[in-house]
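Remarks on the overall topology
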Amino acid sequence: MLLSIKGLAKSFGDLEVLKNIDVEIEKGKVLSIMGPSGSGKTTMLRCLNGLEQPDKGIFTFDDGLTLNFENKINKQEALKLRRKAGMVFQSYNLFPHKTALENVTEGPIIVQKRNKNEVNQMAEGLLEKVGLKDKMHLYPHQLSGGQQQRVGIARALAIEPDLMLFDEPTSALDPELIGEVLTVIRDLAKENWTMAIVTHEVQFASQVSDEVIFMDDGYIVEQGPPEEILKAPKEKRTQQFLDRILNPS
Amino acid sequence: MFPLNNMVLFSITGDLQGWELFVNSLLPMFLGAIKYTIPLTLISFTLGLVLALLTAIMRLSKSPILRVPAVIYVSAIRGTPLLVQLFIIFYGLPSLNITIDPFPSAIIAFSLNVGAYASEIIRASILSISKGQWEAGYTIGMTQNTVLKRIIIPQAARVSVPPLSNTFISLVKDTSLASLILVTELFRRAQEIAAVTYDFMLIYIEAAVLYWIICFLLSLVQQALEKHLERYTAT
Ligand SMILES: Nc1ncnc2c1ncn2[C@@H]1O[C@H](COP(=O)(O)OP(=O)(O)OP(=O)(O)O)[C@@H](O)[C@H]1O
Ligand SMILES: [Mg+2]
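What counts as what
Residues numbered from 1 in each chain as written. Chains lettered and ligands numbered in written order. Predicted model: local features only at pLDDT ≥ 70, side-chain atom pairs only at ≥ 80, totals over all residues. Heavy atoms only, no water. UniProt positions renumbered as here; feature names shortened; annotations may be inferred. Helix = DSSP H or I, 4+ residues; strand = E, 2+ residues; numbered from the N terminus. Buried < 20%, exposed > 50% of the residue type's maximum accessible area, 1.4 Å probe, protein only. Contact = heavy atoms within 4.5 Å. Areas by Shrake-Rupley, 256 points an atom, 1.4 Å probe, with all protein chains shown as cover. Lys, Arg positive; Asp, Glu negative; His and termini not counted. Charge placed at Lys NZ, Arg CZ, Asp CG, Glu CD. Pairing = 2+ DSSP bridges. Axes fitted to C-alpha atoms, helices over the stretch in contact; angles between N-to-C directions. Patch = residues over 30% accessible without salt bridge, like charges linked within 9 Å, V, L, I, M, F, W, Y side chains within 5 Å. Salt bridge = Lys/Arg side-chain N within 4 Å of Asp/Glu carboxyl O. Parallel < 35°, antiparallel > 145°, perpendicular 65-115°, else oblique. Left-handed = near helix turned anticlockwise from the far one by under 90°. Nonpolar A, V, L, I, M, F, W, Y, C, P; charged D, E, K, R; others polar. Polar contact = N/O pair within 3.5 Å; in protein donor to acceptor, adjacent residues only side chain to side chain. Near = heavy atom within 4 Å. Right-handed = clockwise from strand over helix to strand, strands pointing away.

In the nomenclature of an unreviewed UniProt entry, chain B is known as Cysteine ABC transporter permease of Paraliobacillus quinghaiensis. Reading the Sequence similarities (unreviewed entry) entry of the UniProt record for chain B gives the comment "Belongs to the binding-protein-dependent transport system permease family." According to UniProt, the comment filed for chain B under the heading Subcellular location (unreviewed entry) is "Cell membrane".

As annotated in an unreviewed UniProt entry, chain A carries the name L-cystine import ATP-binding protein TcyC and is attributed to Paraliobacillus quinghaiensis.

**Focus: the overall build of chain B**
Assigned secondary structure in chain B consists of eight helices and zero strands. Scored against the burial criterion, the 235 residues of chain B give a buried share of 44%. Considering only contacts within chain B whose residues lie at least 6 apart along the sequence, 73% involve residues at least 24 apart. Carbon and sulfur atoms provide 70% of the accessible area of chain B, an area that totals close to 12,300 Å². The averaged location of the 12 negative side-chain charges in chain B is 20 Å from the averaged location of its 15 positive side-chain charges.

**Here we look at the sheet that holds strand S1 (residues 3-12) of chain A**
All names here are of chain A. The strand order across the open sheet built from four strands is S2-S1-S4-S5, with neighbouring strands paired in antiparallel fashion. Among the strands making up the open sheet, the edge pair consists of strand S2 (15-25) and strand S5 (66-68). Along the sheet, successive strands turn relative to each other by an average axial angle of 10 degrees, direction set aside. Examined bridge by bridge, strand S4 (residues 56-61) and S5 share three bridges and lie antiparallel to one another. Looking at S5, one finds that isoleucine 58 is bridged to asparagine 68.

**Brief notes about the UniProt feature "domain: ABC transporter" (unreviewed entry) in chain A**
Using the residue numbers shown here, the UniProt feature "domain: ABC transporter" (unreviewed entry) corresponds to residues 3-242 of chain A. Within residues 3-242 of chain A, the helical portion is 39% and the strand portion 25%, while the C-alpha atoms at the span's ends are 28 Å from each other.

**Observations concerning the UniProt feature "transmembrane region" (unreviewed entry) in chain B**
Residues and elements named next belong to chain B. Look at the UniProt record and you will see "transmembrane region" (unreviewed entry) annotated at residues 36-58, 70-93 and 201-221. Secondary structure across residues 36-58 comprises 100% helix and 0% strand; the distance between its end C-alpha atoms is 32 Å. Segment residues 70-93 splits into 83% helix and 0% strand. End C-alpha atoms: 22 Å apart.

**Focus: a negative patch on the surface**
On the surface, a cluster of negative charge is made up of A:Asp22, A:Glu24, A:Glu26 and A:Asp210. Summarising the element assignment, A:Asp210 is placed in the loop between helix H7 (202-208) and strand S9 (211-216).

**Things to note about the pairing of strand S3 (residues 30-34) of chain A**
All names here are of chain A. Within S3, five of the five residues are buried, which leaves the element mostly enclosed by the surrounding structure. Pairing geometry for S3 and strand S8 (residues 195-198), over four bridges, is parallel. Across the sheet, valine 30 pairs through a bridge with methionine 195, a residue of S8. Of the pairings in the sheet, the one linking S3 to S9 comprises four bridges and is parallel in character. When the bridges of S9 are listed, isoleucine 33 appears paired with isoleucine 213.

**Topic: the packing of helix H1 (residues 18-60) of chain B against helix H7 (residues 186-197) of chain B**
Residue and element names in this part refer to chain B. Between H1 and H7, the shortest axis-to-axis distance is 7 Å and the interhelical angle comes to 150 degrees. Here H1 is positioned roughly antiparallel relative to H7, judged by the angle of their axes. Read as a crossing pair, H1 and H7 show a hand that is right-handed. Between H1 and H7, the residues in contact are Leu21, Ser25, Pro28, Met29, Leu31, Gly32, Ala33, Lys35, Tyr36 and Thr37 and Leu186, Arg189, Ala190, Ile193 and Thr197, respectively. In terms of residue class, the contact of H1 with H7 is built from nine nonpolar, four polar and two charged.

**Some details on the side chain of A:Thr199**
One can find A:Thr199 in the loop between S8 and H7. Separated by 3.0 Å, the side chain of A:Thr199 and the backbone nitrogen of A:Glu201 make a polar contact.

**Notes on the site of ligand 1**
Residues and elements named next belong to chain A. Every residue lining ligand 1 is accounted for by Phe12, Leu15, Val17, Pro36, Ser37, Gly38, Ser39, Gly40, Lys41, Thr42, Thr43 and Glu168. Contact between ligand 1 and serine 37: an oxygen atom at 2.6 Å from a side-chain N or O atom of the residue. Lysine 41 places a polar side-chain atom, nitrogen or oxygen, 2.7 Å from an oxygen atom of ligand 1. Considered on its own, ligand 1 offers 640 Å² of accessible surface; in the complex 61% of this is hidden by protein. Contributing elements (two or more residues each) for the shell around ligand 1: S2 and helix H1 (41-48). For the shell around ligand 1, the class distribution of residues is four nonpolar, six polar and two charged.

**Looking at a nonpolar patch on the surface**
Together, B:Met201, B:Ile205, B:Val209, B:Trp212, B:Ile213, B:Phe216, B:Leu217 and B:Leu220 make up an exposed nonpolar region whose accessible area comes to about 840 Å². For B:Ile213, the position within the fold is in helix H8 (residues 200-230).

**Re the packing of helix H3 (residues 82-92) of chain B against helix H4 (residues 102-128) of chain B**
Residues and elements named next belong to chain B. As a packed pair, H3 and H4 sit with axes 9 Å apart at the nearest point and diverge in direction by 140 degrees. Taken together, the axes of H3 and H4 are oblique relative to one another. For the pair H3 and H4, the crossing hand works out as right-handed. On H4, the residues touching Leu82, Gln85, Leu86, Ile89 and Phe90 of H3 are Pro102, Ser105, Ala106, Ile108, Ala109, Phe110 and Asn113. Residue composition of the contact of H3 with H4, grouped by class: nine nonpolar, three polar and no charged.

**Thoughts on the pairing of S8(A)**
All names here are of chain A. In S8, alternate side chains face the same way, and those of Met195 and Ile197 on one face and Ala196 and Val198 on the other are all buried. Pairing geometry for strand S7 (residues 163-167) and S8, over four bridges, is parallel. Across the sheet, leucine 165 pairs through a bridge with alanine 196, a residue of S8. A crossover links S7 with its parallel partner S8, the connecting element being helix H6 (residues 175-190), and its sense is right-handed.

This is the structure:
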């Protein structure tokens, strides 16, 4: 078990967005998170790398790092948590004033203080892996959405996180660009990266995931292997949701 | 008689007129610009920018101990005339036994002024950078200070270039106020010449043209700079 989460809760003011969630993320496995808009998927992912501070919950990592959010965690702990996970955003959030290569090398060189030459080589390798070696000296605005998102993936991989988080990585893309990004994520799954992916792509989720979570209204409604949750869900809410996205009227 | 305390003015006498007066006045005014107007602008702008960045960051801080002094400073400077600020520093402070020469007095007043106005520009530019940029920095492991330094400020700097260039060009013109605290910059030279020759129209027009030329050249630089920065920003 890479990460085990118990009793995760988060409110924004009076709005309870996550209500007592238990999740386990297994090393080398892919977890997909599905559910209707507003169900708390993004919030959960953001809690996993400390972009949101949970109100409650205990995170236990396989290396012994334990964070109990009952008491406010300190800056050091927050930073440790953040550096465990790499995040890929729906809107890419690339640094517009840096080239593709510089976007990827920024974390390892500035934060991790690793050797510049080694990092540059590693970063070129990562950009090659996402199919963008020939574009590495271009700025984000010179790249298509799909290309930007692939740079985003390379940037997250570069800090060598234990866990990769994806928040609807293809939702902002034109349909013809979705495939190239999903292909990259599939390749990562084959390399046994541990990943948690929020997605509405049912087909993709069923191919790539080891486990699927269906969330609604701040709860995990149903959880299990993709064949079960996506092909034969037990819960009515899951069935209705899948119906809606598979047969949009 | 107006005291002709400046060596450059020796060749200008009351009988000079027209074209000859115009040509003979050019050098003293030009030297006033080179020795005072331009250094005053450059030094005040540089110091003002440092002050502005500091103030902007203080104003964005969550801690009231940092925020409140910054808010008061900006409000006080923006809410009072620059000329009054100059007079307080040069004519007012001596009564507290603090006497500062004209040129450094002007530097202090103009720097404080630029600091306040530019801090608002910088603050707005920092706020204009999307939250996603902060978060992207955090997710690659950066601390808040590192994100500010590496990700936010470089982008905010680009956003602030056009409005800051305007502040700079305004400052060139505002330095003429320093003539009132005896800094012998371009406009004070003009006043001194006019006082001897009584040809106010010619001399003040000449001063105006010189300011115009300086500002026109600066606006060319501004355009080039903006064009240069556009290369990096999304279209
Ligand atoms: N920073 C915030 N402040 C206040 N409310 C928030 C904040 N972030 C999220 N919320 C609210 O929390 C709820 C869950 O939001 P969240 O973004 O986690 O949903 P989601 O499942 O990712 O939805 P979507 O599919 O639309 O992305 C929503 O009602 C949202 O309005
Ligand atoms: Mg979301």
